[in-house]
Amino acid sequence: HILLIDSNSPLMEQLNFFHDHTLLIITLITILVGYNMLSLLTNSFINRFLLHGQLIEIIWTILPAIILLFIAFPSLRLLYLLDETNKPSLTLKSIGHQWYWSYEYSDFKNIEFDSYMVPSAELNEGDFRLLDVDNRIVLPNHTQIRLIATATDVIHSWTVPSLGVKIDATPGRLNQTNFYMNRSGLFFG
């Protein structure tokens, strides 16, 4: 996977496969169109049957529709997989504020905390600027996790690219998604 972050969930692996699948189709189309354009520039087609070609018109009308189906079916399958909820074992509620996030482990009593970004002046050696926070979320791997996101002031976006999770936190609404982690580690978003 060129220029894509390493995946840590089955859904992100499927997103990477779909990216590669679509990129292959686009590359083949680009090569074919480029070859045809180069051929038109270098050849002088002088043929009395070239102006009337109903068969070729049918082919170049139907072929793009078939190619779009090869992109649409995997895309729709992936959209349904991303939206499916599979009996989560843990629920995490994330509340977006203007400069920080609040988290609640709603399956347990009174486990809630705020997570602020660490200022650049207070970073330790090896910390990541604009990514590290003072209180990190700790989640188990090999567990289906439900994330409920909302906000208090404006629309926020809660995302972890390696998990394939991106959800909008909107004031007055509860949005839900789920994810599954294949391995343990430190993941930023």
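Residues numbered from 1 in each chain as written. Predicted model: local features only at pLDDT ≥ 70, side-chain atom pairs only at ≥ 80, totals over all residues. Heavy atoms only, no water.

Identification of the protein as Cytochrome c oxidase subunit 2 from Forcipomyia taiwana is taken from an unreviewed UniProt entry. UniProt, in its Sequence similarities (unreviewed entry) section for the protein, records the words "Belongs to the cytochrome c oxidase subunit 2 family." Taken from UniProt, the Subcellular location (unreviewed entry) comment for the protein reads in full: "Mitochondrion inner membrane". (UniProt positions renumbered as here; feature names shortened; annotations may be inferred.)

Read from one edge to the other, the open sheet built from five strands follows the order β3-β2-β1-β4-β7, with strand pairing classed as mixed. Across the chains shown, the open sheet's two edge strands, defined by having one partner strand only, are β3 (112-116) and β7 (175-180). Mean inter-strand twist for the sheet, computed between neighbouring axes without regard to direction, equals 25°. Two strands pair when backbone bridges link them, and strand β1 (residues 90-96) and strand β2 (residues 100-105) are joined in this way by five bridges, in the antiparallel orientation. Looking at β2, one finds that K93 is bridged to E104. (Pairing = 2+ DSSP bridges. Helix = DSSP H or I, 4+ residues; strand = E, 2+ residues; numbered from the N terminus. Axes fitted to C-alpha atoms, helices over the stretch in contact; angles between N-to-C directions.)

As far as domains go, the protein holds domain 1 (10-83) and domain 2 (90-181). On a C-alpha basis, the centres of domain 1 and domain 2 stand 40 Å from each other. The interface is formed by five residues belonging to domain 1 together with seven residues belonging to domain 2. For the pairing of domain 1 and domain 2, the buried interface totals around 390 Å² over both sides, and the portion due to carbon and sulfur atoms is 56%. Area buried by domain 1 at its contact with domain 2 is led by P10, L11 and M12, which between them contribute 72% of it. Linking domain 1 with domain 2 are zero salt bridges. Across the contact surface, domain 1 and domain 2 share zero residue pairs in polar contact (both at pLDDT 80 or more). (Domains from an automatic or database assignment. Contact = heavy atoms within 4.5 Å. Buried area = accessible area lost by both parts, 1.4 Å probe. Salt bridge = Lys/Arg side-chain N within 4 Å of Asp/Glu carboxyl O. Polar contact = N/O pair within 3.5 Å; in protein donor to acceptor, adjacent residues only side chain to side chain.)

Another point: helix α1 (residues 10-42). Because the α-helix completes a turn every 3.6 residues, residues three or four places apart line up on one side. In this model α1 runs 48 Å from its N-terminal to its C-terminal C-alpha over 33 residues, within 8% of the 48 Å that 1.5 Å per residue would give. Among the residues of α1, L11, M12, N16, T22, I25 and S39 are the ones counted as buried. (Expected span 1.5 Å × (residues − 1). Buried < 20%, exposed > 50% of the residue type's maximum accessible area, 1.4 Å probe, protein only.)

Attention now moves to the environment of D134. Mapped onto the secondary structure, D134 falls in the loop between β3 and β4 (144-151). Its relative accessible area of 44% is what places D134 among the partly exposed residues. As a C-alpha pair, D134 and L186 span 52 residues in sequence and 14 Å in three-dimensional space. Sequence-distant contacts of D134, that is, excluding residues within four places in its chain, are made with D114, S115, Y116 and V118.

Per the UniProt record, "transmembrane region" (unreviewed entry) is found at residues 21-38 and 58-80. Secondary structure within residues 21-38 divides into 100% helix and 0% strand; the distance between the first and last C-alpha atoms comes to 26 Å. Along residues 58-80 the backbone is 100% helical and 0% strand, and the end-to-end C-alpha distance reaches 33 Å.

Our next topic: the pairing of β1. Where a strand is regular, its side chains alternate between the two sheet faces. Most of β1 sits inside the fold, with six of its seven residues counted as buried. Here seven bridges tie β1 to β4, and the two strands are oriented parallel to one another. Bridging from a neighbouring strand, I95 pairs with T150 of β4. The antiparallel pairing of β1 with β2 creates a hairpin that spans three residues between the two strands.

On to the pattern of salt bridges. This model, assessed by the stated rule, comprises one salt bridge. Close ionic contact of R136 with D132 constitutes a salt bridge, the shortest N to O distance being 2.6 Å. Judged by relative accessible area, which is 41%, R136 ranks as partly exposed. Here D132 falls in the buried class, since its relative accessible area comes to 3%.

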